[in-house]
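Architecture at a glance
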Amino acid sequence: MRQLANWLRRKRLENGLDRELRYHLDRRISDLEGSGVPSREARRQAMLEFGGIGQIQEEVRDIWLTRWLRDFAYDLRFSLRSFLRTPSFTITAVISLMLGIGATTAIYSLVDQVLLHGLPVRQPQRLVLIDWQGDQVAKGFGSWNLMSYPICRDLDERKDLFEGVFCRALTTVNLSTGGDYRPATAEIVSGNYFSVLGVGASIGRVFAIDDDGVPDANPVAVLSYDYWQMELGGAPDVLGRKVLVNRHPLTIIGVAASTFKGIDVGEVPSVWIPASMSGQAIPGFKDLLDRRTRWMQVLGRLNQGVTLERAEIGLQPWFRAMLQEDVRRAGFPVTTPERRWDFLNSSIVLTAAPQGHSALRRRLLEPLWVVFAVTAVLLGLACLNVSGLFLARGSTRDREIGTRLALGASRGRLGRQLLADSLLIALTGGFLGIATAPIAVRALIAFLPAGTAPTALHAGVDFRLLLFAFVVSVAAGLLSGLAPAWQAGRRSLMSSLRERSGTAFGGVRLRKAIVTAQIALTLTLAVGAALFLRTLHALMAKGPGFTTSSLISFGIDPLRSGYPTEEGNRLIRRVDEAIRESPITQTSAIARFPLLTGGSWNNQMTVLADKRVSTDRDVNLNAVTPDFFQTMGIRIIAGRNFDERDVRAPGESGWRSAIVNEAFAKRYLGDRNPLGVLVCQGSGPDAKPNIEIVGVMSNFSYRGLREESEQVYFPFFEGEGAGGTFYVKVRGTPQSSLASLRAIVHGADPSLPMTDFRTVDEQVDRSLNTEHLLATLSGTFSTLALLLSLVGLYGVMSFVVTQRAHEIGIRLALGAMPWSAVWLVLRDASAMILSGMGIGLPLVWALGRFVQSQLYDVKPSDPAVIAITVLVLSSAGLGAALIPAHRASRVNPTDALRAE
Amino acid sequence: MPSSKFPIPQGTLDMLIMQIVSLEPAHGYGIAQRLDQISRSVVQANQGSLYPALHRLELKGWLRGEWKQSETGREARFYSLTASGRRQLVAEKHSWARLASAVQLIFSEGAES
């Protein structure tokens with residue numbers, strides 16, 4: 001360490017040593033002169049006594065820096081000088097590695113944040129996700145790994161296995177701290193959430209068990225640090241103030257620790273609300289204590305020393321007993337023997353959850369790894385490219401290296417020199433890569449699924465990222481230095497001194513091998529890119545099944561603004577009428593649940609036609625106004641639209657009629673006429689089919705563009721609930737209509753927030769975010785890869801032509817036709833391209849299954865895609881070889897022979 | 001009769017240097033003079049070879065070098081013993097004494113027999 005410091009101040013050390021030695025000699029000379037020795041003789045004697053100054057300086061320098069460090073420093077300096085002498089080589093190599101390292105680092109930043117990073121809580125490695133495997137015979141809402149609140153409380157009793165078990169659910173609330181209501185993410189949590197996670201408060205306190213006691217009796221809330229800073233300016237007097245959640249006042253008891261952003265990397269809560277207040281956070285929710293309502297994720301912290309396996313085994317007997325008890329409990333739904341059997345054979349499953357629970361991670365897991373693999377391949381290609389460049393440069397440096405060998409430099413020393421070369425290039429590339437990575441990360445974040453919290457991910461460079469980039473740079477340096485060092489090690493001293501042209505043939509074989517590998521890797525990337533592009537194109541061509549032009553959507557939810565159900569419905573009617581009367585509107589409709597957001601309202605159904613059948617999977621449900629079909633351009637294929645006949649009689653509840661889509665009719669009714677068939681929600685024996693199918697609509701997408709699902713739609717105003725998404729077809733451009741729509745809603749209730757206010761075209765785009773991500777990145781990267789390999793191919797072939805100019809000249813002089821010289825070069829190039837393909841195609845075949853799940857309407861081994869890619873690649877490769885080939889045919893025999 | 005001067009082994013030179021500067025801080029030339037005075041006819045140190053030793057001891061943290069005005073008025077680099085250098089000197093003297101007495105013991109045994 002001290003030696004490194006010495007390196008930095010070596011100028012001063014040198015000066016000091018100089019002065020010190022000079023002082024010694026001067027003193028000695030003057031002493032000798034003092035004793036009567038003549039001045040010249042005194043100088044001679046002093047020098048003699050002292051010994052060789054140069055040698056002593058060297059010895060001292062060795063002490064300061066140690067030998068290898070000095071050598072390495074000299075190597076670096078030498079490398080730097082020779083790089084500065086060949087700027088075009090240096091720039092090409094540095095840019096290659098900068099692209100590779102920058103891209104890899106940027107993607108790794110996302111991989112790290114979304115997939116790898118542990119929660120900023122105490123010992124995250126002891127956290128587990130607890131999930132139910134089997135049929136819970138329960139209704140529910142939310143997505144992934146859901147259980148009921150009472151089960152969480154039961155699990156928390158098992159102190160022999162868990163330090164604690166908590167549960168949480170995300171929801172959106174209308175939040176106000178005095179000003180406008182704004183939609184905000186809230187996390188509903190059990191009282192022990194913070195204590196089990198080991199997260200404290202920045203100010204005030206976090207929840208205690210008592211805050212989650214009696215339902216509706218604990219009006220308290222904890223704010224997130226970001227919300228406190230951004231919305232309240234970090235005011236220290238927030239404690240004890242009220243925050244309004246869906247118009248219910250909750251007292252702020254604290255602000256959570258600044259590093260803690262909830263346990264879902266994609267959703268950053270603004271506020272935490274105790275489960276006892278879930279009725280306020282989710283309007284109309286009354287099932288907190290119902291064992292058969294699944295809506296929360298349950299996580300636990302294992303006791304010190306308890307393994308995941310032991311906890312899982314330890315839970316089963318208790319779980320089985322609980323199942324038996326549950327079946328006998330009053331209120332357990334009447335159900336079929338099969339479902340009951342499924343229920344009793346359920347088990348409880350634990351998975352390690354050091355990163356918490358995240359829907360975003362689930363969605364991005366595969367795409368991110370695919371993209372990361374693609375960048376890794378790109379980086380490999382960049383390294384190969386630099387290797388090739390070094391080899392090319394090496395062959396012009398043969399004379400220098402041969403001379404150094406002849407002067408007694410060891411091969412190890414020369415190898416180190418080459419290593420210093422490639423490390424210097426790689427670290428420079430890495431430095432530039434890190435400098436550009438934040439820009440790339442910011443661009444990448446824009447591709448993340450819609451609804452990801454804007455503060456969820458950051459584009460900054462932290463220590464982990466720096467470390468990653470450094471390791472990658474060093475690895476890239478070693479990798480690109482490997483081939484040249486190997487080549488240098490094999491070179492024989494005699495031959496390199498004997499060769500007059502200063503070139504060696506051995507390097508060409510290695511360079512050809514490198515180009516072949518590059519072509520193979522490029523082929524895999526290009527096929528991948530073609531597949532993802534096909535997927536995106538196919539999905540866009542297919543479209544959602546309804547007309548999206550001039551269509552604007554937005555949601556309102558009066559219940560969250562404190563309206564009772566009936567008044568909420570009246571408000572929606574008022575807004576609906578105002579929109580219809582507006583001059584900007586062509587047609588307008590309302591749907592209970594928005595389309596293309598990834599979610600849906602779904603349930604199993606019972607169908608009563610000739611016989612009674614239950615659906616074998618969930619059916620997607622929605623409720624819409626009669627204008628929905630015209631507004632969206634969805635055809636009614638048979639039967640009729642909703643009308644006044646569907647309005648239920650006073651005193652009656654539930655729907656009287658439904659419209660099903662073609663897929664539903666086909667799957668459950670086959671050839672039978674669906675009109676008049678009775679259906680209902682649920683699949684138990686107690687389900688009573690009393691809703692008549694009055695129409696059949698064409699198929700269209702509900703959750704997302706990939707899905708082809710069975711759907712059943714009900715009339716909007718006849719059901720429960722009071723939120724809705726408006727779909728408005730406007731005259732003129734959508735942009736100019738946004739303000740008018742906002743004014744209409746504002747006129748109905750100034751404090752009512754509008755959510756997801758955007759054109760439906762934009763919504764379609766957003767729903768294809770992952771596909772856009774894969775297609776854009778793999779497209780860009782494979783273009784880069786193609787460029788890199790073309791440069792490599794061109795470089796090798798030019799070199800070959802230069803080397804063989806003499807031979808070609810003789811051939812031409814002896815009467816060979818110029819085209820035979822062209823052929824000579826193209827034959828070489830074709831051999832490389834073909835063997836590259838030969839290696840690449842099995843790779844493509846082997847890697848195909850990893851991307852299968854990301855594709856739509858195309859197989860990984862699609863012959864057309866592969867054929868086109870191969871064709872494009874080969875013609876580009878031959879194109880790159882044509883330039884040197886052309887040069888070969890123009891070799892002037894006289895010049896070539898004279899050069900000899 | 002062998003030459004009256006023989007080269008100083010490296011470890012011994014280090015010890016001698018530390019002993020000299022332990023009395024008072026000294027510059028390189030001063031140390032060379034002292035070495036010469038103490039052991040004029042016995043040991044021969046190529047005067048220059050003093051400097052690698054000084055810098056090695058400084059790097060080890062046993063000596064500290066500072067530029068100070070010398071007796072002639074010119075700036076010279078003065079070396080003084082650090083605390084860890086003092087400990088090192090004690091340890092080395094101790095082991096030197098043990099080695100010397102052991103050697104002496106063997107020699108005197110040889111003389112008796």
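Predicted model only: the values in this text are computed from it and were never measured. Here, residues in each chain are numbered from 1, in the same order as that chain's written sequence. Chains and ligands are labelled sequentially in the order written, the chains with letters from A and the ligands with numbers from 1. pLDDT decides what is reported in this predicted model: residues at 70 or higher carry local features, side-chain atom pairs at 80 or more are listed and counted, and totals for whole chains, interfaces and linings draw on all residues regardless.

1. A closer look at the overall build of chain B
Filter applied, for reference: Each helix is a run of DSSP H or I of at least 4 residues and each strand a run of E of at least 2, with the numbering of both proceeding from the N terminus. Labels follow a simple rule on C-beta atoms placed from the backbone: if 20 or more others lie within 10 Å of a residue's own, it is buried; if 12 or fewer, it is exposed; otherwise it is partly exposed. By the convention adopted here, residues are in contact when the distance between their C-beta atoms, placed from the backbone, does not exceed 7 Å.
Counting secondary structure elements, chain B contains four helices and five strands. In chain B, the order of α-helices and β-strands from amino to carboxyl end is β-α-β-α-β-α-β-β-α. Of all 113 residues assigned to chain B, the portion counted as buried reaches 27%. Relative to all contacts within chain B whose residues are 6 or more apart in sequence, the contacts with residues 24 or more apart total 53%.

2. Notes on the overall build of chain A
Looking only at helices and strands, chain A features 27 helices and 25 strands. Expressed along its principal axes, the backbone C-alpha trace of chain A runs to roughly 125 × 85 × 60 Å. Out of the 900 residues belonging to chain A, those deemed buried represent 43%. Looking at chain A alone, contacts between residues at least 24 apart form 83% of all its contacts between residues at least 6 apart.

3. Side note on the domain arrangement of chain A
When the parts come together, some accessible area is lost, and that loss is often what is quoted as the size of the interface. For clarity, the cut-off: Domain delimitation in this document rests on an assignment produced automatically or drawn from a domain database.
If you check the domain split of chain A, you get domain 1 (2-65), domain 2 (124-354), domain 3 (362-541 + 769-898) and domain 4 (551-761). The straight-line distance from the C-alpha centre of domain 1 of chain A to that of domain 3 of chain A is 54 Å.

4. Structural notes on the nonpolar core
Residues and elements named next belong to chain A. Here is the rule: The term nonpolar core refers to a group of buried residues, namely Ala, Val, Leu, Ile, Met, Phe, Trp, Tyr and Cys, whose C-beta atoms join them within 7 Å.
Core analysis: the biggest nonpolar cluster contains 156 residues, and L97, L378, A382, A658, V712 and L793 have the highest contact counts within it. Each of domain 3 (362-541 + 769-898) and domain 4 (551-761) gives at least three residues to this core. Once residues lying within four places of it in the same chain are set aside, the contact partners of L793 are V515, A829, M832, G877, A880 and A881. The next biggest cluster of nonpolar side chains, apart from the first, holds 67 residues, and it includes I151, A184, I282 and V298.

5. Overview of helix α22 (residues 734-748) of chain A
This is how it is decided: Expected helix span is computed as 1.5 Å times (number of residues minus one).
The end-to-end C-alpha distance of α22 of chain A is 21 Å, a good match for the 21 Å that 15 residues give at a rise of 1.5 Å each. Contacts from the buried residues of α22 of chain A go to β13 (551-556), α19 (565-581), β24 (724-730) and β25 (755-759) of chain A.

6. What to know about the packing of helix α2 (residues 28-38) of chain B against helix α3 (residues 50-59) of chain B
Residues and elements named next belong to chain B. Put simply, the test is: Only the stretch in contact is used when fitting a helix axis, every axis being a line fitted to C-alpha atoms; angles between N-to-C directions are given from 0 to 180 degrees. Left-handed describes a crossing whose near helix is turned anticlockwise from the far helix through less than a right angle; right-handed describes the clockwise counterpart.
Axis separation between α2 and α3 bottoms out at 11 Å; the angle between their running directions is 115°. At the point where α2 passes α3, the crossing takes the right-handed sense. For the pair α2 and α3, contact is made by G28, I31 and A32 and by L50, Y51 and L54, respectively.

7. Description of the interface of chain A and chain B
Worth spelling out the cut-off: In the scheme used here, Gly and all other residues not listed as nonpolar or charged are polar, with Ala, Val, Leu, Ile, Met, Phe, Trp, Tyr, Cys and Pro taken as nonpolar and Asp, Glu, Lys and Arg as charged.
The interface is formed by 17 residues belonging to chain A together with 14 residues belonging to chain B. At the level of secondary structure, the elements contributing two or more residues to the side of chain A that touches chain B comprise α2 (10-34), α3 (39-50) and α4 (53-65) of chain A. Counting residues per element, the side of chain A that touches chain B draws most heavily on α2 of chain A, at seven residues. Its residues assigned to classes, the side of chain A that touches chain B comprises eight nonpolar, three polar and six charged.

8. Brief notes about the sheet that holds strand β4 (residues 63-69) of chain B
Residue and element names in this part refer to chain B. Stated formally: For two strands to be treated as a pair, DSSP must find no fewer than two bridges joining them.
Taking strand neighbours across the sheet as the criterion, the three strands line up as β2-β5-β4 in an open arrangement whose pairing is antiparallel. Edge positions in the open sheet fall to β2 (26-27) and β4, since each of these has one partner strand only. As judged from the two bridges shared by β2 and strand β5 (residues 75-81), these two strands associate in the antiparallel manner. Bridging across to β5, A26 finds its partner in Y79. The strands that α3 touches are β4 and β5; relative to β4, the one it contacts most, it runs at about 115°.

9. Considerations on the environment of F89 of chain A
Residues and elements named next belong to chain A. When you line up the elements, F89 lands in helix α6 (residues 87-116). On the basis of neighbour count, F89 is assigned to the partly exposed category, with 18 C-beta atoms found within 10 Å. Considered as a pair, F89 and A392 are 303 residues apart in the sequence and their alpha carbons are 9.8 Å apart. If we skip the residues at most four places from it in the chain, F89 touches L389 and R393.

10. A short note on the confidence of the model for chain B
Caution applies to low-pLDDT regions: their predicted coordinates should not be interpreted in detail. Residues and elements named next belong to chain B. Our working definition: Values of pLDDT, ranging from 0 to 100, describe the predictor's confidence in every residue of the model.
Averaged over chain B, the pLDDT score is 81; the fraction of residues at 70 or greater is 81%. Mean pLDDT across the elements of chain B ranges from a minimum in strand β3 (residues 43-44), with 58, to a maximum in β5, with 90. Both scores are given for the predicted complex: the pTM is 0.78, the ipTM 0.83.

11. Topic: the packing of helix α24 (residues 769-813) of chain A against helix α25 (residues 818-851) of chain A
Residues and elements named next belong to chain A. Viewed as axis vectors pointing N to C, α24 and α25 meet at an angle of 145°, and their least axial separation amounts to 10 Å. Remark: the crossing between α24 and α25 carries right-handed chirality. Along the contact surface, α24 presents L793, M797, V800, V801, I808, R811 and L812, while α25 presents A821, L824, V825, D828, A829 and M832. Of the residues contributing to the contact of α24 with α25, the split by class is eleven nonpolar, no polar and two charged.

12. Some points on unusual backbone geometry
Residue V137 of chain A is not a glycine yet carries a positive backbone phi of 45°. Along the chain, V137 of chain A falls in the loop between β1 (127-133) and β2 (139-140).

13. Points about the pairing of strand β11 (residues 297-302) of chain A
Residue and element names in this part refer to chain A. Burial of β11 is extensive: six of the six residues sit out of reach of the surface. Bridging between β1 and β11 involves four bridges; their strand directions are antiparallel. Its bridge partner lying in β11, V128 is registered against G300. In terms of strand pairing, strand β3 (residues 162-176) meets β11 through six bridges, oriented antiparallel. Bridge pairing in β11 places F162 opposite L302.

14. Observations concerning the environment of S176 of chain A
Residue and element names in this part refer to chain A. The topology assignment puts S176 in strand β3. Of the residues examined, S176 has 21 C-beta atoms within 10 Å and is grouped as buried. With 695 residues separating them in the primary sequence, S176 and L871 have C-alpha atoms 60 Å apart. Leave out the neighbours within four places in its chain, and S176 touches Y181 and L244.

15. Quick look at helix α21 (residues 662-669) of chain A
All names here are of chain A. To be explicit about the condition: Here the arc refers to the set of directions running from the helix axis out to each C-beta atom.
Here α21 has its buried residues at F664, A665, Y668 and L669. Buried residues of α21, seen end-on, are gathered within an arc of 100° and therefore sit on one face of the element. Buried residues in α21 make contact with β16 (605-608), β17 (612-614), β18 (619-624), β20 (657-661), β22 (691-697) and β23 (711-715). G670 lies just past α21 and shows a positive phi near 55°.

16. Overview of the environment of K688 of chain A
All names here are of chain A. Tracing the sequence through the fold places K688 in the loop between β21 (678-681) and β22. By C-beta crowding, K688 is classed as exposed, having 12 other C-beta atoms within 10 Å. The spacing of K688 and L678 is ten residues in sequence and 9.1 Å in space, taken between C-alpha atoms.

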